Amino acid sequence: MQKTSRGLEGKVAVVTGGGSGIGRATALHFHSAGAKVLVAGRRADALAETVAGRPDMAWVTADVRREDDAATVIATALELWDRIDVLVNNAGVFSRGPLEEVTTGLVQKLFETNVLGPTLLAKAAVPHLKVTRGSIVNVSSTFGHKASPMIGHCAASKAALEHLTRCWALELAPHGVRVNAVAPGPTEPPALAASGLPPTVTDTIKNEEARKVPLGRRGEPDDVAAWIVALANPGSAWVTGQVLCVDGGLSVA
Ligand SMILES: NC(=O)c1ccc[n+]([C@@H]2O[C@H](COP(=O)([O-])OP(=O)(O)OC[C@H]3O[C@@H](n4cnc5c(N)ncnc54)[C@H](OP(=O)(O)O)[C@@H]3O)[C@@H](O)[C@H]2O)c1
């Protein structure tokens, strides 16, 4: 893991989807920057692995689509450390397939996880972020602002999250709460692996993706995590309402 410079000593960060991939790397970067970190997700074993042996890290199981779970996540951080400085809405799901095969259930799952979930967490966290003049970092995707075939509803859910980022930034600016987003390009280990597609299909997608990235490779979770932490850092105090593309140049290709 790359080291993120310290600067968040005494701060408390909540990271959803902290049991794997970008969320786990983000939680560890916050921890090495001096923050106390609560990770949330549905798989207890994965969350426990993220925090294992690390003081000032804790986990709580939650399905971000459930309002009572979102409230529990925020309440847990407050019980543990009595404050919240950063909310990272990282939990998300991916899907790929033709429009003719889209189902109501798939669209509901995408929007409930990628749009409703961040909303419920933000709603629960905002009163506490106002106290600390903290910040929210949402995790979008290159395809939240770049059109691409076969991923329309997944991309549209991230486009919604990017616009929520801008709207919330304006709504919360008078309270000193900043709201930004990081938009990763194709990153290992991929949300793709959790998409249920067969390995032959995911391998093909991964090779295609790497070829399209101007810097010639898929990203690593650390590539993305470092920028999530940077946006939450007080050093970014005059940055709000922004979507930062961390994608090897894919969004401008
Ligand atoms: N990897 C990429 O290529 C890529 C590219 C662009 C954007 N992104 C975005 O980056 C974020 C992280 O993805 P990743 O690549 O790190 O993939 P990942 O390893 O599959 O991480 C997704 C995380 O979200 C959690 N999650 C999913 N549904 C949830 C729910 N209903 N409630 C609570 N947690 C839930 C999962 O934990 P549980 O299963 O334990 O709940 C998992 O830890 C996602 O928002 C994704 O859209 C990824």
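Residues numbered from 1 in each chain as written. Predicted model: local features only at pLDDT ≥ 70, side-chain atom pairs only at ≥ 80, totals over all residues. Heavy atoms only, no water.

Draft legend 1. Main features of the overall build of the protein. Tallying secondary structure elements over the protein gives 7 helices and 7 strands in all. Seen in sequence order, the protein has helices and strands lined up from the N terminus as β-α-β-α-β-α-β-α-β-α-β-α-α-β. By its C-alpha atoms, the protein is 50 × 35 × 35 Å across when sized along the principal axes. Evaluated residue by residue, the protein yields a buried proportion of 49% over its 253 residues. Long-range pairs, those at least 24 residues apart, make up 71% of the contacts in the protein between residues at least 6 apart in sequence. As displayed, the protein offers around 11,600 Å² of accessible surface, 56% of which is attributable to carbon and sulfur atoms. Measuring between centres, the 25 positive side-chain charges of the protein sit 4 Å from its 24 negative side-chain charges. (Helix = DSSP H or I, 4+ residues; strand = E, 2+ residues; numbered from the N terminus. Buried < 20%, exposed > 50% of the residue type's maximum accessible area, 1.4 Å probe, protein only. Contact = heavy atoms within 4.5 Å. Areas by Shrake-Rupley, 256 points an atom, 1.4 Å probe, with all protein chains shown as cover. Lys, Arg positive; Asp, Glu negative; His and termini not counted. Charge placed at Lys NZ, Arg CZ, Asp CG, Glu CD.)

Draft legend 2. Region of interest: the site of the ligand. Taken together, the neighbourhood of the ligand is formed by 27 residues, with S20, R42, R43, N90 and T187 sitting nearest. Between S20 and the ligand, the recorded distance is 2.7 Å, taken from a side-chain N or O atom to an oxygen atom. One of the side-chain nitrogen or oxygen atoms of D63 is found 2.9 Å away from a nitrogen atom of the ligand. For the shell around the ligand, the residue count by class is 11 nonpolar, 11 polar and 5 charged. (Near = heavy atom within 4 Å. Polar contact = N/O pair within 3.5 Å; in protein donor to acceptor, adjacent residues only side chain to side chain. Nonpolar A, V, L, I, M, F, W, Y, C, P; charged D, E, K, R; others polar.)

Draft legend 3. Spatial organisation of the environment of R54. Within the secondary structure layout, R54 lies in the loop between helix 2 (44-51) and strand 3 (57-61). Given a relative accessible area of 33%, R54 falls into the partly exposed group. Taking the C-alpha atoms as reference points, R54 and K36, 18 residues apart in sequence, are found 10.0 Å from one another. Setting aside residues up to four positions removed in sequence, R54 forms contacts with L28, H31 and E49. A polar side-chain atom of R54 sits 3.0 Å from the main-chain carbonyl oxygen of T50.

Draft legend 4. Geometry of helix 6 (residues 199-212). Helix length check: helix 6 (14 residues) gives 20 Å between terminal C-alpha atoms against 20 Å at 1.5 Å per residue, within 8%. Buried residues of helix 6: T202, I205 and E209, and no others. Buried residues of helix 6, seen end-on, are gathered within an arc of 60 degrees and therefore sit on one face of the element. Opposite the buried face of helix 6, at more than 90 degrees from it, the exposed residues are T200 and R211. (Expected span 1.5 Å × (residues − 1). Arc of directions from axis to C-beta.)

Draft legend 5. Looking closely at the nonpolar core. Grouped together as the largest cluster of nonpolar side chains are 28 residues, with contacts concentrated most on V14, L38, V73, L87, L121 and I136. If you list the elements that add at least two residues to this core, you get strand 1 (12-16), strand 2 (36-41), strand 3, helix 3 (67-81), helix 4 (104-132) and helix 5 (152-172). It is helix 4 that provides the largest number of residues to this core, a total of 6 residues. With residues near it in sequence (within four places) discarded, V73 still touches V14, L38, A40, V60, A62 and L121. (Core = buried A, V, L, I, M, F, W, Y, C linked by side-chain atoms within 4.5 Å.)

Draft legend 6. Region of the structure containing the pairing of strand 3. Relative to strand 3, strand 2 runs parallel, the two sharing 5 bridges. By the bridge assignment for strand 3, L38 is matched with A58. Crossover strand 2 to strand 3 through helix 2 is right-handed. (Pairing = 2+ DSSP bridges. Right-handed = clockwise from strand over helix to strand, strands pointing away.)

Draft legend 7. A look at the sheet that holds strand 6 (residues 178-184). Pairing within the open sheet is parallel, and its 7 strands lie in the order 3-2-1-4-5-6-7. Since the sheet does not close on itself, it has two edges, and those belong to strand 3 and strand 7 (243-246), each with one partner. Each strand axis lies, on average, 20 degrees off the axis of its neighbour in the sheet, ignoring direction. Relative to strand 4 (residues 86-89), strand 1 runs parallel, the two being bridged by 3 bridges. (Axes fitted to C-alpha atoms, helices over the stretch in contact; angles between N-to-C directions.)

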